[in-house]
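If you want the building blocks of each chain, they are given just below.
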Amino acid sequence: MVEIILLISIIITIFLTRLFEKRGLISPTLSRKTLHVVAIGISALVPLLSSNIAVVKWIVGLSMPITFVLVSREFFPRDESGRKSWGIFYYTVVFFCLLTFFPYQPRMVFYPLMVMALADGLATVVGKRFGRPIQDMEEFPKTIAGSFTFFVVCAAVLVFSPMMDASLRHFLPIGTLVLISGFLAAVEFITKNGRDNIWVPVAVVYWLDTGRFLGENAMWYALITVLLALLALRYRWLTRDGLLAAFIIGILLLFSPDPRAIIPALVFFGLGSLVSKLPGSKTQKATSRRTAVQVFSNGLAPSLSFALYFVSANEIWLYAGMAGFATAMSDTISSELGMRFGATARD
């Protein structure tokens, strides 16, 4: 019975928000975010209220093709960038996966969804009302006010939710939760087109799983990551968005069960940055600062491989991470040297 009530509540919210928007009573942004907060917030409570997760999973599974069709036909309003609201479809997929992999672990379903419901929803509203685009980062439709709101609300969810139910206890210290909130805020800021509905919940699950293995020096390692990223920005090795990308990868590797995972990334980043500063044309000098796309293109796949190693303890992922950084370094250095000192390219 609880499952049906929750489903009806979400359906009513969908049609009421669309009705109010069409009549001009609320803005498209408020309509979309009200649905976001209510639908995902109710979903987060499912593992605490429902006694039959299998039924909920079937309901969510059947809703995935329905939301896909509704988004495709623009039943939901477009987002701030003018794109279709694919984040709604991504949410149903993520919810289904959480119920599949963690049917008897309420906290692994509650926290990813509640962080998205409250932190992301309120961040958009505050950012739209009080925020301004960040200079040199106009391609990211986020604001400092919105991201700070995300950080604060995310930290509040992680800190105070265990008081609601014993099944939500995670036993992570407040300092760790604050840093995780900063990591999640950076991930939310740098993702676009609704894909934060995928990456933020995945990141929450990852930290809930690995956070208990962090050592007492983890906070110092995290501070080192921030200082290294700022140093790279100071010497113009990174752009502003590249700084955020490097922070995400650095925290993922250094603030982990085995901080030595940062060594391959530092070797690659250090040598690659030094080689990029070698004498060359003005065009090469102008493009020597690494952007977020370049940082993620080189470092995201091997970093995620290390993360999978921390979760699964399967050494194949450790080898994959090492091979990924080695390949990225050899490709980067060969390209930089080839552009400066090579002759005519041959096939």
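Residues numbered from 1 in each chain as written. Predicted model: local features only at pLDDT ≥ 70, side-chain atom pairs only at ≥ 80, totals over all residues. Heavy atoms only, no water.

A count of helical and extended segments in the chain gives 14 helices and 0 strands. Each helix and strand of the chain, ordered N terminal to C terminal, gives the series α-α-α-α-α-α-α-α-α-α-α-α-α-α. Computed over C-alpha atoms, the radius of gyration of the chain comes to 22 Å, within 12% of the 20 Å expected from 2.2 N^0.38 for 347 residues, which places it in the range of a compact globule. Burial status across the chain gives 46% buried among its 347 residues. In the chain, the proportion of contacts linking residues at least 24 apart, taken out of those at least 6 apart, comes to 74%. (Helix = DSSP H or I, 4+ residues; strand = E, 2+ residues; numbered from the N terminus. Rg over C-alpha atoms; globule rule 2.2 N^0.38 Å. Buried < 20%, exposed > 50% of the residue type's maximum accessible area, 1.4 Å probe, protein only. Contact = heavy atoms within 4.5 Å.)

Quick look at the layout of surface pockets now. Each pocket or cavity is described by its volume, and for the second largest pocket that value is around 950 Å³. Every residue lining the second largest pocket is counted, 33 residues in all, and those nearest its centre are Ile 198, Trp 199, Val 202, Ala 203 and Leu 304. Elements with a contribution of two residues or more to the lining of the second largest pocket: helix H4 (86–101), helix H7 (174–190), helix H8 (196–210), helix H10 (240–254) and helix H13 (292–312). Taken together, the residues that form the lining of the second largest pocket break down as 27 nonpolar, 1 polar and 5 charged. (1 Å grid on protein atoms, 1.4 Å probe; cavity = no way out; pocket = protein on both sides within 12 Å on 5 of 7 lines; lining within 4 Å. Points joined across faces, edges and corners; volume = space filled by probe spheres on them. Nonpolar A, V, L, I, M, F, W, Y, C, P; charged D, E, K, R; others polar.)

Closest axis-to-axis distance for the H4/helix H5 (residues 106–130) pair is 9 Å, and the angle between their directions is 160°. As summarised for this structure, H4 and H5 are arranged roughly antiparallel, according to the angle between their axes. The two elements H4 and H5 meet at a crossing, and its hand is right-handed. Across the interface between the two elements, Phe 95, Leu 98 and Leu 99 from H4 touch Met 108, Val 109, Pro 112 and Leu 113 from H5. (Axes fitted to C-alpha atoms, helices over the stretch in contact; angles between N-to-C directions. Parallel < 35°, antiparallel > 145°, perpendicular 65-115°, else oblique. Left-handed = near helix turned anticlockwise from the far one by under 90°.)

Summarising the element assignment, Leu 184 is placed in helix H7. Looking at Leu 184, the relative accessible area reads 0%, which means it is buried. Sequence separation between Leu 184 and Val 200 is 16 residues; the distance between their C-alpha atoms is 6.2 Å. Excluding anything up to four places from it in sequence, Leu 184 contacts Phe 150, Cys 154, Val 200, Ala 203 and Val 204.

It is a probe the size of a water molecule, rolled over the atoms, that shows where empty space is left. All chains considered together, the criterion is met by 1 cavity of 30 Å³ or more. There is about 40 Å³ of room inside the largest cavity. Lining the largest cavity, in full, are Leu 158, Leu 172, Leu 177, Ile 180, Val 204, Trp 207 and Leu 208. Elements that contribute at least two residues to the lining of the largest cavity include exactly H7 and H8. By residue number, the principal contributor to the lining of the largest cavity is H8, which donates 3 residues. In terms of residue class, the lining of the largest cavity is made up of 7 nonpolar, no polar and no charged.

Let us now look at the packing of H7 against H8. Where H7 meets H8, the closest approach of the two axes is 9 Å, and the angle between their N-to-C directions is 160°. Compared by their axis directions, H7 and H8 come out roughly antiparallel. Of the two elements, H7 crosses H8, and the hand of that crossing is right-handed. For the pair H7 and H8, contact is made by Ile 180, Phe 183, Leu 184, Val 187 and Glu 188 and by Asp 196, Trp 199, Val 200, Ala 203, Val 204 and Trp 207, respectively. The residue makeup of the contact of H7 with H8, split by class, is 9 nonpolar, no polar and 2 charged.

Of note, Asp 120 is situated in helix H5. The class of Asp 120 is buried, set by a relative accessible area of 2%. In this structure Asp 120 touches Lys 33, His 36, Val 115, Phe 150, Glu 188, Asp 196 and Asn 197, once residues within four positions along its chain are discounted.

Take the packing of aromatic side chains next. Scanning all chains against the criterion turns up 13 aromatic pairs. Residues Phe 68 and Phe 89 carry aromatic rings whose centres are separated by 5.4 Å and whose planes lie at 70° to one another, so their mutual orientation is edge-to-face. Of the two residues, Phe 68 is situated in helix H3 (residues 53–72) and Phe 89 in helix H4; the sequence distance between them amounts to 21 residues. Overall, Phe 89 belongs to the buried group, its relative accessible area being 18%. Judged by centre distance (5.4 Å) and plane angle (85°), the rings of Phe 183 and Trp 207 are edge-to-face. On the criterion of sequence distance, the pair formed by Phe 183 in helix H7 and Trp 207 in helix H8 is long-range, its members being 24 residues apart. Each member of the pair Phe 183 and Trp 207 is classed as buried. (Phe/Tyr/Trp six-rings, centres within 6.5 Å; stacked < 30°, edge-to-face > 60°.)

With that out of the way, let us pick up the environment of Arg 18. Locating Arg 18 in the fold gives a position in helix H1 (residues 2–22). Classification of Arg 18 as buried rests on a relative accessible area of 13%. Here the alpha-carbon distance between Arg 18 and Asn 193, two residues 175 residues apart in the chain, equals 21 Å.

Along the polypeptide, Thr 143 turns up in the loop between H5 and helix H6 (144–160). You can call Thr 143 buried: its relative accessible area is 12%. A polar contact is formed between the side chain of Thr 143 and the backbone nitrogen of Gly 146, at a distance of 3.0 Å. (Polar contact = N/O pair within 3.5 Å; in protein donor to acceptor, adjacent residues only side chain to side chain.)

Located in the positive-phi region is Phe 171, a residue other than glycine, with phi close to 65°. Relative to the assigned elements, Phe 171 resides in the loop between H6 and H7.

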